[in-house]
Amino acid sequence: MRKTLLESFIHGPLTEAAPEPDEAALAELALRVNRAAHARLGRSLAIRHVDAGSCNGCELEMHALGNAFYDLERFGLRFVASPRHADVLTVTGPPTRNMRQALERTYAATPDPKWVVAIGGCAADGGCFAGSYAVLGGVSQVVPVDLHIPGCPPSPLSILKGLLALLESVNVKDRAIRR
Amino acid sequence: MALLDGIAIRNVASGHRPWPRAVVGDDGWQAAIDRLVEGGAALFGLWGDTGAVHMALIDAGAEIAVLTYECRDGRFPSVGTRHPPAIRPERAIASLFGLTPAGASDRRPWLDLGFWEERHPLGAAAPAPEPEPYAFLPAEGEGLHQLPVGPVHAGIIEPGHFRFTANGERVVRLEQQLGYTHKGVEFLMRGATLDKGARLACRTSGDSTIAYGIAFAQAVEAAVNISPPPRAVYLRALMAELERLANHFGDIGAICNDASFSMMLAQCGILRERVLRAADACFGHRLMMDMVVPGGVVRDIGDGGAGAIADVVGETRRLFPRLVELYDKTASLQDRTVGTGIVKPEPVRQFAAGGYVGRAAGRAFDCRKTPGYPPYDALTFDVPVLEAGDVNARVWIRIREVEQSLALIDQILARLPAGPLLVPPVAADGEGIGFAEAFRGDVLVWIRLRGDGRIDRCHLRDASWFQWPLLEVAIEDNIVADFPLCNKSFNASYSGHDL
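Residues numbered from 1 in each chain as written. Chains lettered and ligands numbered in written order. Predicted model: local features only at pLDDT ≥ 70, side-chain atom pairs only at ≥ 80, totals over all residues.

Draft legend 1. Representation of the overall build of chain A. Helix and strand counts for chain A come out as 7 helices and 5 strands. Element order for chain A, N to C, with α for helix and β for strand: α-α-α-β-α-β-β-α-β-α-β-α. Here chain A holds 179 residues, and 49% of them are scored as buried. (Helix = DSSP H or I, 4+ residues; strand = E, 2+ residues; numbered from the N terminus. Buried ≥ 20, exposed ≤ 12 C-beta atoms within 10 Å, placed from the backbone.)

In structure tokens:
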């Protein structure tokens, strides 16, 4: 263990420079986020993830956000275990009818102000599962969505860009209100 | 056909490849169940069709056969009453097709959680009735309490419901209720083009996208009787081993993290990320989705791709042994994994559990080896097997498989044949069976094609079908706090199971 730890010191961090926030995502967000809600939030955002029936591909890339290369927490973004602790719900999946009630309840349990980020192609419109008796065809069919992050699955970098766009938007408006 | 000896057959279906499909009556069906009960064959799959039920058997010689029972009045003789691994597949058949397993004691729905607008969506669909509350199995005794967990879990995890009955910290019974990620994959397969079918197959369980791609492609190729070009076969194996490496790194790290040893998660996370980046460099997609299609693969290894893979293999060979040593010599970690979540060899054999769940408890099955499929028949590798059946054994199987995958990648890169990537399948009718060894175990795909090249019926069976029930066995008498550890060591797929 000592050798491994020592090497980590010598080689320096693997963590990469922060990506630029996604312009399109930023624009979408600016329209939707309620201005009054921002004043209550500082920089840190707590994220609760809900898999509403994804193939688990999106989850793999969300997990990757926690690895040494992306290190999500350095941006003040962290995943929390309860919706009651969350500012943001990330949702993946087409979503399935079987998950509708659970998603609605999770949304209801999240305190205001809150944002919903739909991650992946399925979450936008059902993706390749659209048209089945078992799916609803987009997260917005169940809860209001503030931001879509496309991709099948989106790379960790795309997810990070989308989440950063969310953060930037919150902060910009936060400052505007304070002034 | 030793497997079918002693099973009365009415007729053998024509155009079912590469193994036979036989239509049987009551006597033949019962003889097959006898074979399962005696242990002469294992249940490889059990799925519904229009007015019929199919059962895939595999024996110790890795011979495979599909038996078909044509239902009368929408009924078929229950397999699950005598052979428990068939219970959940049978309940799924009843919920999806409306076919009744005659004599079955457990009539509760499976996958259908009462939220669909119609019942029996793959059979004679009808408006859904008012859902009844799901009756969990009882556990009675003094001081017992229930812990309902899920479908939404704490963490970035797929959804499913776990109903624990515990006495203090000790788990008396775990019952799973799955189906939350049911997307209707087999419904969408009906009438789909092969392109659409391949895309669906690759999204049955995202972590096994290559394995599903291969199993689906092999089923189609068997049905239309073509072989993919040699270069494609080797590239498929290359992708499959990269997928296995990435998942095993993820699992080893995540298991240790659930035993509060986060350093392994951090270090294994680095190895995993490097593999995914190499995959991206080679094939333009980190998970390599949609690269495998019927007839071959769609992309060649890009410029610098082989170099990127060789770098990752070299880096892993340098770093991984140190992590293995760390795992082996950290007493606090061993204290959590050794002797936790034991599944004994007998249930593993009965359920024919594949992957590390089976191989950690004495079942040496790996479908790359037997029955085998190209190019693995030309490559040298071992199938590691242990007996203990605990979390520790499931970790060690993964560790040994990482080593085997690295050796396989060396061989694949050294022998990668030149030539075309794709022989597009011609439109033809036929039935085919295909399988592939995903990182968590064997994936089975059965397909029936129509003459216009579209899919008539496609069934995909994840290894998880025969692993999830064993998780209920593994947790018995363990403490609630060890459930995440047991669950991670199984890492069964929700999406692959729920379809």
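Draft legend 2. Region of the structure containing the overall build of chain B. A tally of regular secondary structure across chain B gives 16 helices and 18 strands. Counting only C-alpha atoms, chain B reaches 65 × 65 × 45 Å along its principal axes. Buried residues in chain B amount to 55% of all 499 residues. The long-range share in chain B, meaning contacts at least 24 apart out of those at least 6 apart in sequence, stands at 67%. (Contact = placed C-beta atoms within 7 Å.)

Draft legend 3. Layout of the pairing of strand β17 (residues 441-449) of chain B. All names here are of chain B. Burial analysis of β17 places 9 of its 9 residues in the buried class, which makes it a mostly covered element. In terms of strand pairing, strand β16 (residues 430-438) meets β17 through 9 bridges, oriented antiparallel. In the strand pairing of β17, Glu431 is matched with Arg448. A loop of 2 residues connects β16 with β17, the two strands running antiparallel in sequence. Across 6 bridges, β17 lies against strand β18 (residues 455-461) in antiparallel orientation. Across the sheet, the residue bridging to Ile447 is Cys458, located in β18. The loop that links β17 with its antiparallel partner β18 comprises 5 residues; one of these, Gly453, has a positive phi angle of about 85°. (Pairing = 2+ DSSP bridges.)

Draft legend 4. Focus on the environment of Asp442(B). Residues and elements named next belong to chain B. Along the polypeptide, Asp442 turns up in strand β17. When the C-alpha positions of Asp442 and His497 are compared, they lie 13 Å apart, and in sequence the two are 55 residues distant. Discounting chain neighbours no more than four positions away, the residues touching Asp442 are Gly354, Cys367, Phe435, Glu437 and Ala463.

Draft legend 5. How the structure looks around the interface of chain A and chain B. With 42 residues of chain A in contact, the opposing surface of chain B contributes 42 residues. Mapped onto the side of chain A that touches chain B, the elements with two or more residues apiece are α1 (2-11), β1 (45-51), α4 (57-64) and α5 (100-109) of chain A. At 6 residues, α4(A) tops the list of elements feeding residues into the side of chain A that touches chain B.

Draft legend 6. Representation of the confidence of the model for chain A within the structure. All names here are of chain A. Chain-level statistics for chain A give a pLDDT mean of 83 and a share of 81% at 70 or above. Taken element by element, chain A is modelled with least confidence in helix α3 (residues 35-38), mean pLDDT 38, and with most confidence in α5, mean pLDDT 97. Overall, residues 29-40 carries pLDDT values under 50, and its contacts beyond four positions in sequence, including any with other chains, amount to 24 contacts. Considering only residues more than four positions removed or in separate chains, one finds that residues 172-179, a stretch of pLDDT under 50, has 8 contacts. (pLDDT = per-residue confidence, 0-100.)

Draft legend 7. Fine view of the sheet that holds strand β6 (residues 64-70) of chain B. Residues and elements named next belong to chain B. Within the open sheet, the 5 strands sit side by side as β1-β3-β6-β5-β4. Their pairing is mixed. Each of the sheet's edge strands pairs with one partner strand only, and the pair in question is β1 (11-12) and β4 (42-49). Helix α1 (residues 26-38) contacts β3 (21-24), β4, β5 (52-58) and β6 of the sheet and is inclined by roughly 140° relative to β6. (Axes fitted to C-alpha atoms, helices over the stretch in contact; angles between N-to-C directions.)

Draft legend 8. Structural context of the packing of helix α13 (residues 391-415) of chain B against helix α15 (residues 483-490) of chain B. All names here are of chain B. Interhelical geometry of α13 versus α15 gives an angle of 30° and a closest axis separation of 9 Å. One way to sum up the angle between α13 and α15 is to call them roughly parallel. When you trace α13 past α15, the crossing you get is left-handed. Contacts between α13 and α15 involve Val391, Arg394 and Val395 from the former and Leu485, Cys486 and Ser489 from the latter. Taken together, the residues of the contact of α13 with α15 break down into 4 nonpolar, 1 polar and 1 charged. (Parallel < 35°, antiparallel > 145°, perpendicular 65-115°, else oblique. Left-handed = near helix turned anticlockwise from the far one by under 90°. Nonpolar A, V, L, I, M, F, W, Y, C, P; charged D, E, K, R; others polar.)

Draft legend 9. Here's a closer look at the packing of helix α5 (residues 209-224) of chain B against helix α6 (residues 230-258) of chain B. All names here are of chain B. Interhelical geometry of α5 versus α6 gives an angle of 145° and a closest axis separation of 8 Å. Taken as a pair, α5 and α6 cross one another with a handedness that is left-handed. Listed contacts from α6 to Ile210, Ala211 and Ile214 of α5 are Arg236, Met239, Ala240 and Glu243. Here the residues of the contact of α5 with α6 sort into 5 nonpolar, no polar and 2 charged.

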